[in-house]
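# Descriptive analysis of the structure
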Amino acid sequence: METEKEINEKILKITMVIHENYPELSKYLNEMPITIPIDSRPEINAKNLQKYYDTLVELFRNYVAEHQLNYINQRNGLGHL
């Protein structure tokens, strides 16, 4: 299993990619349920950080895939999904 430091580095990298290349997606980062703690003192550990990272990757991949499909459809005159 990766360390907290390694996972934090991965989180930082994907967050920077999102902010730099897909700023319209940035607004969803603060709205993700995993970023809103239920506990008054949430535990930050490798497991929770990995969950957060996995959620970021899923959000990013889904958005990019949809973005690319919309672009292809517009080029081919098919409109949006």
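Along each chain, numbering runs from 1 in the same order as the chain's sequence is written. Given that the model is predicted, a residue must reach a pLDDT of at least 70 before its local features are reported, and side-chain atom pairs must reach 80 or more before they are shown or counted; all residues, however, enter totals for whole chains, interfaces and linings. Values reported for side chains reflect all heavy atoms of the structure, with hydrogen atoms and water molecules removed beforehand.

### Digging into helix 1 (residues 4-21)
Comment: elements are numbered from the N terminus, with helices defined as DSSP H or I runs of at least four residues and strands as E runs of at least two. Helices are assigned an expected span. That span is 1.5 Å times one less than the residue count. Helix length check: helix 1 (18 residues) gives 26 Å between terminal C-alpha atoms against 26 Å at 1.5 Å per residue, within 8%. Looking only at helix 1, the buried set comprises I7, I11, I14, T15 and I18. With its buried residues spanning 100 degrees around the axis, helix 1 presents them on a single face. Looking at helix 1, the residues exposed on the side facing more than 90 degrees away from the buried face are K5, K13 and E20. Buried, partly exposed and exposed residues are distinguished by accessible area as a fraction of the type maximum, computed with a 1.4 Å probe on protein chains only: under 20%, between the cut-offs, and over 50%, respectively. By definition, the arc is the one covered by directions from the helix axis to the C-beta atoms.

### What about the nonpolar core?
One broad trend across soluble globular proteins is that nonpolar side chains are buried collectively. Throughout this description, the term nonpolar core refers to a set of buried Ala, Val, Leu, Ile, Met, Phe, Trp, Tyr and Cys residues connected via side-chain atoms within 4.5 Å. Membership of the largest hydrophobic core comes to 15 residues, with the highest contact counts inside it found for I7, I11, I14, I18, Y53, L56 and F60. Of all the secondary structure elements, the ones that give two or more residues to this core are helix 1 and helix 3 (46-75). For Y53, the contacting residues outside a window of four places in its chain are I7, K10, I11 and I14. Any two residues having at least one pair of non-hydrogen atoms within 4.5 Å are treated as being in contact.

### Overview of the packing of helix 1 against helix 3
Only the contacting stretch of a helix is used when fitting its axis, a line to C-alpha atoms as for every element, and angles between N-to-C directions run 0 to 180 degrees. One way to put it is that helix 1 packs onto helix 3 with a least axis distance of 9 Å and a crossing angle of 25 degrees. If you check the angle between helix 1 and helix 3, you find them roughly parallel. Note that helix 1 runs across helix 3; the crossing there is left-handed. Seen from helix 1, the contacting residues are E4, I7, N8, K10, I11, I14, T15, V17 and I18; seen from helix 3, they are A46, L49, Q50, Y52, Y53, L56, V57 and F60. In the scheme used here, Gly and all other residues not listed as nonpolar or charged are polar, with Ala, Val, Leu, Ile, Met, Phe, Trp, Tyr, Cys and Pro taken as nonpolar and Asp, Glu, Lys and Arg as charged. Partitioned by chemical class, the residues of the contact of helix 1 with helix 3 number 12 nonpolar, three polar and two charged. Working definition: roughly parallel below 35 degrees, roughly antiparallel above 145 degrees, roughly perpendicular at 65 to 115 degrees, and oblique for all remaining angles. Handedness of each helix crossing follows the sense of rotation of the near helix against the far helix: counterclockwise by less than a right angle gives left-handed, clockwise gives right-handed.

### Digging into the confidence of the model for the protein chain
Confidence scores here are pLDDT values: one per residue, from the predictor, ranging 0 to 100. Averaged over all residues, the pLDDT of the protein chain equals 82, while 83% of them reach at least 70. Across the protein chain, helix 1 holds the top mean pLDDT of 94, while helix 3 sits lowest at 86.

### A word on the side chain of S26
With respect to the helices, strands and loops of the structure, S26 is situated in helix 2 (residues 23-26). Those residues in contact with S26 that lie beyond four places of it in its chain are I18 and H19.

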